[in-house]
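Structural features, examined
Each chain is listed here by its residues.
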Amino acid sequence: MADRNHQPQKPITNRRDKFSSDSNQSKSHNPKPSNPISNCRNDTVSAHQDFPALMGSCPFMCPVEERIRRERLRDLSVLERLHGNPAKTSPTLAVKKFCRTISTREMQASDLRPIPVLESTLNYLLNLMHSEDHPFEVVHDFIFDRTRSIRQDLSMQNAVGDRVIHMYERMVKFHIVSRHHLQRSCGTPNAVSLYHLNAEQLMKSLTTLLNLYEANRADSHSTFLQSEAEFYSHYLLLHLDSKNQGEPLSLWLRRIPSPIMKSREMRFARRILRYYRMGNYKRFIHTTENEASFLQYCIIEPYINEVRILALSCISYGGYKMQAYPLVQLSKILMMEESEVENFCTDCALETSSDGATGKGLMSTKQLVVNKFSSGPHKYYPMNSERVHRLYAELPEL
């Protein structure tokens, strides 16, 4: 199992503007005292630059100058090309790229898209998730970059409010669903790289979203949004392992408002975390199967094989060598098809035997099973459950 000293990335708590107090800032279209987006500058522009007080005026998904320049340089994604021409696009296809280095001193209002345009751009991008014309990795790479550009435009304009929160929620959902798809695409050469890049942006987007929730509560006198508990549970589940560094989870949990802590989503996430830390593989697997939403399952999915390996270790080490543990019973514990249980045991270098009376079983080897699966993409063993199958059929709207 993973190290028990799990430490999450600390959500940003200081939400005051870091801008200079010149007179132009009072004219910003969002003159709020707290600015959770602008504090995430490491994802947008240099932390040493001051944002200009701008309100975007670009009416297109991609500014005209950028579109012309990228046509000239043949810098068009396959999803942006008009009739497949790598040097030709259109306002209905081109989407502004994410720029890692931005000089805010030269930034113009025409370079930034206002919130209504960003909303329509996000709608366009997320609709591409259903495209079957290109491999998922190609579609994901395009949406991944262009949603970062949306977050960049929001940050440059200091945009806050319910509409911005809803956009961030949809982008977080995109990264969670992508996590699920990339987990199943372990056979592609760049799946591991895409998986970890997606995980990084998922955490950044979710951290900003939680700060937006806090700022919204401060401005609306402790009014909770209906979706808050769901995304707080996602944040907690993303810290099942010990790779995310920051403050201890116990300190983070103390700051969460009581109504969120008592929500069904957070109660579920806290039980899953407790079962994972205790090594209670049976309750971990069956609680996930019975109670997880689709998005929660997508987050937990990479850890299911790890918990299954713990189960095999306990059963193999604690059994009698002359008596095999029936794979039929093991399949119920691990929530797997019997044939997949046999393959899983083989992958873990465990022996199975065949008995005409009791069927196939797992032989006891009196040794712990080495965890061959990381928390990244790996050989996928789906959870055999009618409820999980229904979750796949009822994908959430992004």
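Only a predicted model underlies this, so the values are computations on that prediction, with no experimental measurement involved.

Tallying secondary structure elements over the chain gives 14 helices and three strands in all. Across the chain, the fraction of contacts at a sequence separation of at least 24, relative to all contacts at a separation of at least 6, is 75%. Accessible surface computed for the chain: about 18800 Å², of which carbon and sulfur atoms make up 50%.

Tallied over the entire structure, the rule returns six aromatic pairs. Pairing Tyr235 with Trp252 gives two aromatic rings, centres 4.7 Å apart and planes at 35°, and the pair type is tilted. Linking Tyr235 in helix α6 (residues 228-237) with Trp252 in helix α7 (residues 249-254), this pair joins segments that are 17 residues apart in sequence. We note that Tyr235, like Trp252, is buried.

Turning our eyes to something else, we now look at the environment of Asp141. Turning to its location among the elements, Asp141 is positioned in helix α3 (residues 136-156). In this structure Asp141 comes out as partly exposed when scored by relative accessible area, which is 44%. Residues Asp141 and Asn198, spaced 57 residues apart in sequence, show a C-alpha to C-alpha distance of 9.4 Å.

Below, the discussion takes up the packing of helix α12 (residues 327-334) against helix α13 (residues 338-347). Axis angle and axis distance: for two packed helices, these are the angle between their axes and the distance between the axes, and together they describe the pair. At a minimum axis separation of 9 Å, α12 and α13 run at an interaxial angle of 90°. Considered as vectors, α12 and α13 are oriented roughly perpendicular to each other. Of the residues in α13, those in contact with Leu327, Val328, Leu330 and Ser331 of α12 are Glu338, Val341, Glu342 and Cys345. Its residues placed into classes, the contact of α12 with α13 shows five nonpolar, one polar and two charged.

Now for the environment of Met129. Note that Met129 resides in the loop between α2 (115-127) and α3. Residue class for Met129 comes out buried when judged on its relative accessible area of 14%. Taking the C-alpha atoms as reference, Met129 lies 9.2 Å from Leu398; in sequence the two are 269 residues apart. In contact with Met129, not counting residues within four places along its chain, are Phe136, Val139, Ile143, Phe174, Val177, Ser178 and Leu398.

Tracing the backbone shows Leu238 in the loop between α6 and α7. Expressed as a C-alpha distance, the spacing of Leu238 and Leu202, which sit 36 residues apart in the sequence, is 9.5 Å.

To continue, consider the layout of surface pockets. For the second largest pocket, the calculated volume is near 370 Å³. The wall of the second largest pocket is formed by 17 residues, among which Glu66, Arg69, Lys96, Cys99 and Met107 lie closest to the centre. Looking at which element gives the most residues to the lining of the second largest pocket, the answer is helix α1 (residues 64-72), with four residues.

Below, the discussion takes up the pattern of salt bridges. Pairs can form between side chains of opposite charge whenever their charged atoms are close. Enumeration over the complete set of coordinates arrives at 13 salt bridges. Glu228 is the partner of Arg217 in a salt bridge, and the nearest nitrogen-oxygen pair spans 2.3 Å. Here Arg217, found in helix α5 (residues 191-219), pairs with Glu228, found in helix α6; they are eleven residues apart in sequence, far enough to count as distant. You'll find Arg217 and Glu228 in the same group, each marked buried. In this structure, the salt-bridge partner of Arg264 is Glu265, at a minimum N-O distance of 3.5 Å. Salt bridges linked by common partners bring Glu66, Arg70, Glu80, Asp145 and Arg146 together as one network.

Among all positions of α1, only Glu66, Arg67, Arg70 and Glu71 are buried. Projection of α1 onto a plane perpendicular to its axis shows the buried side chains occupying an angular sector of 135°, all on one side. Facing away from the buried surface of α1 by more than 90 degrees, the exposed residues are Glu65 and Arg72. Residues of α1 that are buried make contact with α3. A positive phi of about 55° marks Arg74, the residue just after α1.

Leu154, Trp252, Phe284, Leu312 and Leu330 are the most contacted members of the largest nonpolar core, which totals 94 residues. One finds Leu54, Ile102, Leu112 and Met156 within the second-largest nonpolar core, a separate group that totals five residues.

Time to look at the confidence of the model for the chain. Of all residues in the chain, 77% attain a pLDDT of 70 or more, and the chain-wide mean is 82. Ranking the elements of the chain by mean pLDDT puts strand β2 (residues 352-355) last with 75 and α2 first with 97. Note on residues 44-49: pLDDT under 50 across the span, and 15 contacts to partners over four residues away in sequence or across chains.

Bringing the side chain of Ser331 into the picture now. Structurally, Ser331 is set in helix α12. Residue class for Ser331 comes out buried when judged on its relative accessible area of 12%. With sequence-adjacent residues up to four places away left out, Ser331 is seen in contact with Met336, Glu337, Glu338 and Val341.

Turning next to unusual backbone geometry. Phi at His83 is positive, roughly 55°, even though this residue is not glycine. Take His83: it is sitting in the loop between α1 and α2.

A word on α2. Turn by turn, an α-helix covers 3.6 residues, leaving residues three or four places apart pointing in a common direction. Between its first and last C-alpha atoms α2 spans 18 Å; for 13 residues at 1.5 Å apiece the expected length is 18 Å, and the two agree. Buried within α2 we find Ile115, Val117, Leu118, Thr121, Leu122, Leu125 and Leu126. An end-on view of α2 places all buried positions within 160° of arc, on one side of the element.

Here we come to the state of the cysteines. One pass over the full model with this rule turns up zero disulfides. The thiol of Cys62 is unpaired, and the distance to the nearest cysteine sulfur, on Cys58, comes to 7.3 Å. Assessed through its relative accessible area of 1%, Cys62 is described here as buried.

Definitions and limits used
Residues numbered from 1 in each chain as written. Predicted model: local features only at pLDDT ≥ 70, side-chain atom pairs only at ≥ 80, totals over all residues. Heavy atoms only, no water. Helix = DSSP H or I, 4+ residues; strand = E, 2+ residues; numbered from the N terminus. Contact = heavy atoms within 4.5 Å. Areas by Shrake-Rupley, 256 points an atom, 1.4 Å probe, with all protein chains shown as cover. Phe/Tyr/Trp six-rings, centres within 6.5 Å; stacked < 30°, edge-to-face > 60°. Buried < 20%, exposed > 50% of the residue type's maximum accessible area, 1.4 Å probe, protein only. Axes fitted to C-alpha atoms, helices over the stretch in contact; angles between N-to-C directions. Parallel < 35°, antiparallel > 145°, perpendicular 65-115°, else oblique. Nonpolar A, V, L, I, M, F, W, Y, C, P; charged D, E, K, R; others polar. 1 Å grid on protein atoms, 1.4 Å probe; cavity = no way out; pocket = protein on both sides within 12 Å on 5 of 7 lines; lining within 4 Å. Points joined across faces, edges and corners; volume = space filled by probe spheres on them. Salt bridge = Lys/Arg side-chain N within 4 Å of Asp/Glu carboxyl O. Arc of directions from axis to C-beta. Core = buried A, V, L, I, M, F, W, Y, C linked by side-chain atoms within 4.5 Å. pLDDT = per-residue confidence, 0-100. Expected span 1.5 Å × (residues − 1). Disulfide = S-S within 2.5 Å.

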